[in-house]
Amino acid sequence: MLVQKKRCIAMLLAGGQGSRLKVLTEKTAKPAVPFGGKYRIIDFPLSNCVNSGIDTVGILTQYQPLELNEYIGNGQPWGLNKTRSCAQVLPPYERHDKKSGWYKGTANAIYQNIDFIERFDPEYVVILSGDHIYKMDYNAMVEFHEKSGASCTIAVRDVPLSEASRFGILNTNPDNSIYEFEEKPAKPKSTNASMGIYVFNWDVLRKALLEDEADPNSSNDFGKNIIPGLLNAGHKMMAYPFDGYWKDVGTIDSLWEANMDLLGKEPAFDIRGDERHKIYARNNALPSSYIDEKAKTVNCFIAEGSEVYGSVQSSIISTGCTVGAGALVENSVVMPGVTIESGAIVRHSIVGENAKISRNAVVGGVFTPEEEKAISVVAKNTVVETGTVVLPGEMR
Amino acid sequence: MNVMGIIFANDANMGELSHRRTMGSIPFGGRYRQIDFHLSNMSAAGIRHIGIVSRQNYQSLINHIGSGEEWGLDLEEGGLEFLTPFAMSSSHSYRGKLEGLFHAMNFFNFGPDNEYVVMADSAILCNLDLNSVLNAHIKSGKDITVVTKAGIANGKKQLDLAIQLNESGEIADIAVDYAAPDNYLASMDLFVLSKSLLRRLVQECIARNLYHMDRDLVLGSWQRGEITLNVYNFPGLAMFNESVEEYFRNSLALLNSRTRHDLFYYNHPVYTKVRDRVPTYYGEESSIDNCLVADGGMLEGSVRDSVLFRQVTIKAGAKIENCLIMNDTIVGENCELKYVILDKDVVIQPGTQLIGTPNRPIIIKRGEKV
């Protein structure tokens, strides 16, 4: 059944566990992990969609979906709840022919939702993932794709050669057309790393998904199967270079770094930006933050609903936190609803939602600029008792 | 229980602050507009049909409230209605609240007749449980309940409606527009009565060219023995923002944690329009002491004992004390401001000095450049 003809819709892969975020994703899907004081990771791709004029987004969820589903709700915070727009959560489901069940891989997740996509009869489908922090105009990429006449366009960014073997690398001709794809090559030939953002002609993708599903040896993955498959079949594929800020926040270190990138007078990632690239989030009904006379707040982001009586430096304090008198927070990411009691010290740490760092507890350590920083993590809802020490790099 | 709400958005003015907006849309407490408090009171009490009576300058109010979704009032049935002069039967503005209500009589045709009506005024802010007021009203068996606050009357402040109780708690005196001594209770301009009674009293008053809510409907009817009154004295916090001086003092009172609790958390959360600003950035050289700070700020200077609204920019070297700085305002390098209210979208050029007094803060109007 055709609901409404759309030129382009987006499918957002939000089902991954994000196991490298360890305790932070034990009970939370990675896209629902808080970021930047008042956001969650999924706010970035969702806001990018809205800012790019894509008003129909299918969100594929699987791992620990409760919080994520609740957060997405009807899509109202992103304006995706209107007559002509939707944010549709798509969990795995059971089908009459038993050809379904848990999403086996990224391609299988889309395969299982072909019916959803067909309802909009799109020319183009944008495939996104829910674990990157960036601002991007997908529409510009779709225009690029359309003009090039390719079957598939992949967003790429230039990475240092030393890191290139961690990514899917696209080797291109001078006109940006792709002649080779190498997944995590030991000896990379170029530094064009795939960002996991794809634009497909829907008819091409549909056919590829059906063929991939019929192949019992496939791992049903975009990077491993669909992309190389289309390339081998001779489809024209293009690389779309993107040079703005982009960060995969799949690890504790990268999540911490991406948060730190928001700070400074000229931050690496200017989340403020202009009105057209606003990041939307579900908001809480909390009053403005109170900064006490004895508080010290230097080079930090503090979201609304917080009360600061202690010292906060080079840190992110999220919505609804309390930093008690005499407490010290440095180089840390404090997620929503955290209480840091008087005299507690939190350094080089990520403190999960609603955790409590009791009086005089010490979390994390100090590092010289040359040293590799070992980030300490306190999981969601965890209480670090009075006087306890959580060592650098330790997880609680 | 069926209850309708009425909020009067502009039956007072506060000089330059209400020059181009209603009392209801005056910004307060960093992220709110004054009307948010009664909208949240009503919404939290389950009131699902609310009329907002405004006589002029209501564009900012309509822009703020929109469909009412932030307060859970964007409903299929009921929800919010703007009772502006245009929507009323006559296009001229009204002289008193009763004319406003009379012109909006169609609003009361909605729903069954056995409903109650809660009427509130957006100049008085509180966080109270309207259901306990309603229950007390019903239990009292009286015609009208007036919600009052002790400790407001001081012999100087002109009260819209002042009530004195005798030792057994009965009403001894009612006075209107009266600088009552401190043994009077001040009306919070918050009333509960049945819909049928309200309709009848409004029609009776209008038929006699009477339009003043407190003088004609409450005092007049009570003096003639036509109605009985119940007094509900609210023990919590009530902020009477009826003059610039009071507004300024009450704004800075939010720097006290008890006051914040009583206004923002006492009975329920207070909802307001979502603006999706980024968290506030506190710069390397900034010094922020004893301040209430909303989202979106870019703070490089030093600020103490002040309220900073959304998306405020304070440049390096600026020194600010006892100020209210509203949305999107920019204070340039090395400015010195004391006892100043900067309205929205103001730009203060670098090096400017503005010094007001606690009783007479300097007000810079919306959009001005200094």
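These numbers come from a predicted model, not from an experiment. (Residues numbered from 1 in each chain as written. Chains lettered and ligands numbered in written order. Predicted model: local features only at pLDDT ≥ 70, side-chain atom pairs only at ≥ 80, totals over all residues. Heavy atoms only, no water.)

Visitor: Lay out the interface of chain A and chain B in plain terms, naming residues and giving numbers.
Guide: Accessible area lost on assembly of the parts is the figure often given for the size of an interface. At the interface, 37 residues of chain A touch 38 residues of chain B. For the pairing of chain A and chain B, the buried interface totals around 3,100 Å² over both sides, and the portion due to carbon and sulfur atoms is 45%. Area buried by chain A at its contact with chain B is led by R272, Y290 and E304 of chain A, which between them contribute 19% of it. Between E307 of chain A and R260 of chain B there is a salt bridge, with the nearest N and O atoms lying 3.0 Å from each other. At the surface where chain A touches chain B, the tally comes to 24 residue pairs in polar contact (both at pLDDT 80 or more). Breaking the side of chain A that touches chain B down by element, the ones donating at least two residues are β14 (289-291), β15 (296-298) and β16 (300-302) of chain A. Residues that form the side of chain A that touches chain B fall into these classes: 18 nonpolar, 10 polar and nine charged. (Contact = heavy atoms within 4.5 Å. Buried area = accessible area lost by both parts, 1.4 Å probe. Salt bridge = Lys/Arg side-chain N within 4 Å of Asp/Glu carboxyl O. Polar contact = N/O pair within 3.5 Å; in protein donor to acceptor, adjacent residues only side chain to side chain. Helix = DSSP H or I, 4+ residues; strand = E, 2+ residues; numbered from the N terminus. Nonpolar A, V, L, I, M, F, W, Y, C, P; charged D, E, K, R; others polar.)

Visitor: Explain helix α1 (residues 43-51) of chain A residue by residue, including any values.
Guide: For an α-helix, 3.6 residues make a turn, and residues three or four places apart therefore share a direction. Within α1 of chain A, seven of the nine residues are buried, which leaves the element mostly enclosed by the surrounding structure. The positive-phi residue at the C-terminal boundary of α1 of chain A is G53 of chain A, with phi of around 80°. (Buried < 20%, exposed > 50% of the residue type's maximum accessible area, 1.4 Å probe, protein only.)

Visitor: Describe the pairing of strand β4 (residues 56-60) of chain A, with residues and values.
Guide: Residue and element names in this part refer to chain A. Burial runs high along β4: five of the five residues are buried. Side chains T56, G58 and L60 of β4 all project onto a buried face; the interleaved residues V57 and I59 project onto the opposite face, where all are buried too. Alignment of strand β1 (residues 8-13) against β4, held across four bridges, turns out to be parallel. Bridging from a neighbouring strand, L13 pairs with L60 of β4. As paired strands, β4 and strand β5 (residues 86-90) are joined by five bridges and run parallel to one another. Within the sheet, the bridge partner assigned to G58 lies in β5 and is Q88. Handedness of the β-α-β unit built from β4, helix α2 (residues 65-72) and β5 comes out right-handed. (Pairing = 2+ DSSP bridges. Right-handed = clockwise from strand over helix to strand, strands pointing away.)

Geometric descriptors of this kind do not, in isolation, establish any biological role.
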